[in-house]
Amino acid sequence: MKTVYPSIALSGIGSVTATIIHALYQNSIPFQILCRNKNRYQFLCDNPIRFRGPKGNLVSIDLNGYLTNIQNCQDTFDYIFIGCKNQNLLEYLEETKKFLKPNGKLILIQNGIPESHLESYQSQILGGVVGWNTQTLQDGTYYQSNVGSLILGGISNSKPDPIWNLLLPPYIPLILTDQLAGYRWHKLAINAIINGLAASKQQTLGELFLNKNSRKDALDTLTEIKSVMNVLQIEEQVVPGSFSIQKLGGGKGALPTWVRHIILILLGLKYFRIRTSMVQDLDNKRKTEIDYINGEVVTIANDRGVLVPKNEWIVKKVKELEEKI
């Protein structure tokens, strides 16, 4: 019996969605890209995207046949990946929701905890926590530097349809979870150092984690977020390939300090030249998502009476750098 696949669309092409496109393309899963900009549409028609995976294989993906100008779209879809920054999320959702089938789901793959700001969309949302890093190289190639999972979860502690196990693996390992909040907060904490802290210092991960003072800053940042998670009674779920915040952050359950420093040193050596997304935003004179990463921590901590001075410093520093753009 032939498998009937759900209809899938993606709105917004960036590093994360390019990785998803690569997996769908390799698995011969039908999908459509909803193009919001006519110039972008024409560029993608004329230019295949280049994708290099963690094993070094370079794939050229001709998107002709997968592209739809959003103004002319007549189709509706079971799932739509929303590939934009947090600050543009509401705009994308308002523009895209009309293309969703009555029981369809919008998949949010943004960093932070975007679902918490979208009460009116709760029944239409799946959260997606991304466990890989993909960068855009100078020649326009998308480069995925590590194998990482996509973790999909419903808002109300529900697991998504198991059909997803047929759509993305083996190119993207998949976890279907009913513990989305635990994964969201774990990834938020990791992003607070590899994105927020790195952006505040405008450093690669190697420059960041091979410096003793910066490692201390990173561990202090994680300790503060661990405190917030404990107050919120968040049960951490560790993204595969990552490290537990309960063990990296200080206090109860923490690894010895010297072990935590070694873990960060090893990360710095492994990803020495990686400039993560917020660092690249500042490199390219773009606004960052700092309000949705460390800024999210600060807002919730202040509401709960938890002191987070290191996260506050990171937010302040990044905003100062943004003002120079």
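In this text the structure is predicted, and so the values were computed from the model without any measurement.

## So, the pairing of strand 2 (residues 32-35)
Residues in a regular strand project their side chains so that they alternate between the two faces of the sheet. Residues Q32 and L34 of strand 2 are buried on one face, and the alternating residues I33 and C35, pointing to the opposite face, are buried as well. Note: strand 1 (residues 8-11) against strand 2, three bridges, orientation parallel. Residue L10 lies in a different strand from strand 2, and its bridge partner there is I33. For strand 2 and strand 5 (residues 67-69), the ladder comprises three bridges, and the chain directions are parallel. If you follow L34 over to strand 5, its bridge partner there is T68.

## Description of the environment of T221
Topologically, T221 is positioned in helix 6 (residues 212-232). A sequence separation of 28 residues divides T221 from I193, and the C-alpha atoms of the two residues are 7.0 Å apart.

## Description of the packing of helix 4 (residues 180-201) against helix 11 (residues 309-323)
At a minimum axis distance of 8 Å, the contact between helix 4 and helix 11 shows a crossing angle of 50°. With respect to their mutual orientation, helix 4 and helix 11 come out oblique. The crossing of helix 4 and helix 11 is left-handed. Mapping the contact onto sequence places A192, G196, L197, A199 and S200 in helix 4 and N311, W313, I314, K317, V318 and L321 in helix 11. Partitioning the contact of helix 4 with helix 11 into residue classes produces seven nonpolar, three polar and one charged.

## Remarks on the packing of aromatic side chains
On inspection of all chains with the given rule, the structure shows four aromatic pairs. A ring pair is formed by F31 and Y66, whose centres lie 4.3 Å apart and whose planes are at 20°; its orientation type is stacked. Of this pair, F31 sits in the loop between helix 1 (15-26) and strand 2 while Y66 sits in the loop between strand 4 (58-61) and strand 5, and the two are 35 residues apart along the sequence. Looking at Y66, the relative accessible area reads 22%, which means it is partly exposed.

## So, empty space enclosed by the protein
Within the structure shown, the criterion is met by one cavity of 30 Å³ or more. Within this model, the largest cavity holds a volume of roughly 50 Å³. As for the largest cavity, its lining consists of I109, Q110, N111, G112, G128, V129, V130, R184, K187 and L188. Only strand 8 (125-130) and helix 4 provide two or more residues apiece to the lining of the largest cavity. Along the lines of polarity and charge, the residues of the lining of the largest cavity split into four nonpolar, four polar and two charged. For the lining of the largest cavity, the domains that each give at least three residues are domain 1 (8-178) and domain 2 (183-323).

## Some points on the pattern of salt bridges
Under the defined criterion, the tally for this structure stands at 13 salt bridges. Between R184 and E115 there is a salt bridge, with its nearest N and O atoms 2.6 Å apart. With R184 in helix 4 and E115 in the loop between strand 7 (100-108) and strand 8, this pair connects stretches of sequence that are 69 residues apart. Judged by its relative accessible area of 3%, R184 is buried. Exposure remark for E115: the relative accessible area of 7% places this residue in the buried category. What emerges from the salt-bridge pattern is a single network uniting R36, E91 and E95.

## Here we look at the sheet that holds strand 12 (residues 174-177)
With mixed pairing, eight strands are arranged side by side in an open sheet as 5-2-1-6-7-8-11-12. Because the sheet does not close on itself, it has two edges, and the strands there are strand 5 and strand 12. Sheet twist, expressed as the mean angle between neighbouring strand axes with direction ignored, is 25°. Sheet contacts for helix 1: strand 1, strand 2, strand 6 (77-82) and strand 8; angle to strand 1, the most-contacted strand, approximately 155°. Strand contacts of helix 4: strand 7, strand 8, strand 11 (150-154) and strand 12, with the helix running at about 40° to strand 8, the strand carrying the most contacts.

Thresholds, definitions, all that
- Residues numbered from 1 in each chain as written.
- Predicted model: local features only at pLDDT ≥ 70, side-chain atom pairs only at ≥ 80, totals over all residues.
- Heavy atoms only, no water.
- Buried < 20%, exposed > 50% of the residue type's maximum accessible area, 1.4 Å probe, protein only.
- Helix = DSSP H or I, 4+ residues; strand = E, 2+ residues; numbered from the N terminus.
- Pairing = 2+ DSSP bridges.
- Axes fitted to C-alpha atoms, helices over the stretch in contact; angles between N-to-C directions.
- Parallel < 35°, antiparallel > 145°, perpendicular 65-115°, else oblique.
- Left-handed = near helix turned anticlockwise from the far one by under 90°.
- Contact = heavy atoms within 4.5 Å.
- Nonpolar A, V, L, I, M, F, W, Y, C, P; charged D, E, K, R; others polar.
- Phe/Tyr/Trp six-rings, centres within 6.5 Å; stacked < 30°, edge-to-face > 60°.
- 1 Å grid on protein atoms, 1.4 Å probe; cavity = no way out; pocket = protein on both sides within 12 Å on 5 of 7 lines; lining within 4 Å.
- Points joined across faces, edges and corners; volume = space filled by probe spheres on them.
- Domains from an automatic or database assignment.
- Salt bridge = Lys/Arg side-chain N within 4 Å of Asp/Glu carboxyl O.

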